[in-house]
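A look at the structure
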Amino acid sequence: MFKKTILFASVSAALLSPVFAQEVDAPIEAPAPVSNPALDAILEHVPAILDHAWKSTFNVSVHEGEVQSWALVAGVQFQDAKHFSVNLDMTVQDDFEGEKQMQFTVLADGTYIYVDSPSLAELSGGLASGPVKVELALLGKMLSSQMGGGMSGEGGMDKAAIKKMASGALEGFTFKEEGSGEGLRRYTLTGADVNGFIAFEKEHWFLSAMEMSIDEGKTVVNATENAFIEEFPEGTFTFTVTEGQTVMDLSPMIQMQMPQEEVADDDLEF
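One structure accompanies this document, and this report is about it.

Reading the values: the criteria
- Residues numbered from 1 in each chain as written.
- Predicted model: local features only at pLDDT ≥ 70, side-chain atom pairs only at ≥ 80, totals over all residues.
- Heavy atoms only, no water.
- Helix = DSSP H or I, 4+ residues; strand = E, 2+ residues; numbered from the N terminus.
- Buried < 20%, exposed > 50% of the residue type's maximum accessible area, 1.4 Å probe, protein only.
- Areas by Shrake-Rupley, 256 points an atom, 1.4 Å probe, with all protein chains shown as cover.
- Pairing = 2+ DSSP bridges.
- Expected span 1.5 Å × (residues − 1).
- Phe/Tyr/Trp six-rings, centres within 6.5 Å; stacked < 30°, edge-to-face > 60°.
- Lys NZ or Arg CZ within 6 Å of the ring centre and 35° of its normal.
- Polar contact = N/O pair within 3.5 Å; in protein donor to acceptor, adjacent residues only side chain to side chain.
- Contact = heavy atoms within 4.5 Å.

What follows is about the overall build of the chain. Each helix and strand counted, the chain has six helices and 12 strands in total. Counting the 270 residues in the chain, one finds 37% classified as buried. Accessible surface for the chain amounts to roughly 16600 Å². Of this, 53% is attributable to carbon and sulfur atoms.

Glycine aside, residues mostly have negative phi angles, and peptide bonds mostly take the trans form. Positive phi is not limited to glycine here, since D193 has a value of about 65 degrees. Inspection of the secondary structure assignment puts D193 in the loop between β8 (184-191) and β9 (194-201). The class of D193 is exposed, set by a relative accessible area of 54%. You will see that D215, though not glycine, has its phi angle at about 55 degrees, which is positive. Along the chain, D215 falls in the loop between β10 (207-214) and β11 (217-228). Classification of D215 as exposed rests on a relative accessible area of 58%.

Our focus in this paragraph is the environment of G179. Tracing the backbone shows G179 in the loop between β7 (174-177) and β8. Judged by its relative accessible area of 56%, G179 falls in the exposed class. Residues G179 and A199, spaced 20 residues apart in sequence, show a C-alpha to C-alpha distance of 9.3 Å.

Bridging between strand β5 (residues 112-116) and strand β6 (residues 132-135) involves four bridges; their strand directions are antiparallel. Residue pairing across strands places Y112 opposite E135, the latter belonging to β6. Where β6 and strand β12 (residues 248-249) come together, two bridges link them in parallel fashion. Within the sheet, the bridge partner assigned to K133 lies in β12 and is D249.

Moving on, we come to the sheet that holds β11. A sheet is described by the order of its strands in space; here 12 strands give the open sequence β7-β8-β9-β10-β11-β1-β2-β3-β4-β5-β6-β12, paired in mixed fashion. Two strands in the sheet have a free side with no partner beyond their single neighbour: β7 and β12. Bridge analysis of strand β1 (residues 54-64) against strand β2 (residues 67-80) gives 11 bridges, and the strand direction is antiparallel. Of the residues in β2, the one forming a bridge with E64 is V67.

An ideal rise of 1.5 Å per residue puts 16 Å on 12 residues; helix α5 (residues 159-170) measures up with 17 Å between its terminal C-alpha atoms. Just downstream of α5, G172 is the residue with a positive phi angle, here 90 degrees.

Before going further, it helps to examine the packing of aromatic side chains. Centre-to-centre distance and the angle between the planes together describe a pair of aromatic rings. All told, the structure shown has 11 aromatic pairs when counted by the stated rule. Relative to Y187, the ring of F175 has its centre 5.9 Å away and its plane inclined at 5 degrees; by these criteria the two rings are stacked. Note that F175 is positioned in strand β7 and Y187 in strand β8, a separation of 12 residues in sequence. Taking the relative accessible area as the measure of exposure, F175 reaches 7% and is therefore buried. Accessibility expressed as a relative area gives 2% for Y187, which makes it buried. For the ring pair Y187 and F200, a centre distance of 6.3 Å and an interplane angle of 65 degrees mean the geometry is edge-to-face. One end of the pair, Y187, is in strand β8; the other, F200, is in strand β9, with 13 residues separating them in the sequence. A cation over an aromatic ring shows up here: K133 above the ring of Y112, its NZ or CZ 3.9 Å from the ring centre.

A few words on the side chain of S117. Its location among the elements puts S117 in the loop between β5 and α3 (120-123). Judged by its relative accessible area of 7%, S117 falls in the buried class. Here Q103 takes part through its backbone oxygen, which lies 2.6 Å from a polar atom of the side chain of S117. Here the side chain of S117 touches S119 through a polar contact of 3.0 Å, landing on its backbone nitrogen. When sequence neighbours within four positions are dropped, the list of residues in contact with S117 reads Q103 and F104.

Before going further, it helps to examine the pairing of β5. Buried residues dominate β5, accounting for five of its five residues. Side chains Y112, Y114 and D116 of β5 all project onto a buried face; the interleaved residues I113 and V115 project onto the opposite face, where all are buried too. Pairing of strand β4 (residues 98-109) with β5 involves four bridges; the strand directions are antiparallel. Across the sheet, L107 pairs through a bridge with Y114, a residue of β5. Hairpin remark: β4 followed by β5, antiparallel, with two residues in the connecting loop; positive phi at G110, about 105 degrees.

Now the structure itself:
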């Protein structure tokens, strides 16, 4: 169970950012939502970071009571919606196997998104003996047609979808600016069994820190090395295969699992 959970979480976090949408025959006019200046500011400025090339390092820890259940360091380099990389170092406490350390590399080169890890063969039960890849365009099509986005139909992250996802995630919470200071914007969030804060660098809206408590658990995030990049070195977003390894293309398998487009009776030929 632990292996399947880690594999699913790692690949899903790397490849998917779903926003569930519902189609209706005619739009239903809904009352205008009550404006929340704090939330409006975040939804306006944070997704706009996708218009720039940048890098950040995120340190994440999850606690259950006084015990740290897992920790994650994620080094992110972002050039544009189709060219980015994430290097993940994870330490997980498992009830049966004790402490486990794992590393993952995620890279999008403009055509494919790759996932690689020394633990991939073990976590996949032998399905993948090396790195795997998925066509960005196919992934974008799947997200756009089935789940409403997170990536555009051409492959690549979509600002509108991210804004919608953030808005939906924060719906129902009390959200206000509190404790801001020089160089920092700080917002508190409270709800049923949830309370915490999130802080951004004032000038460029990079994430600075976040802490959320839910029941007896707590998640802490600290971001460092935030910077806009004028130009990444050549080859930064080129995936290099280790000698002796073969990249497994998951695109055909995903294509088979996607709903096939229906063909009208008039288009059928006999």
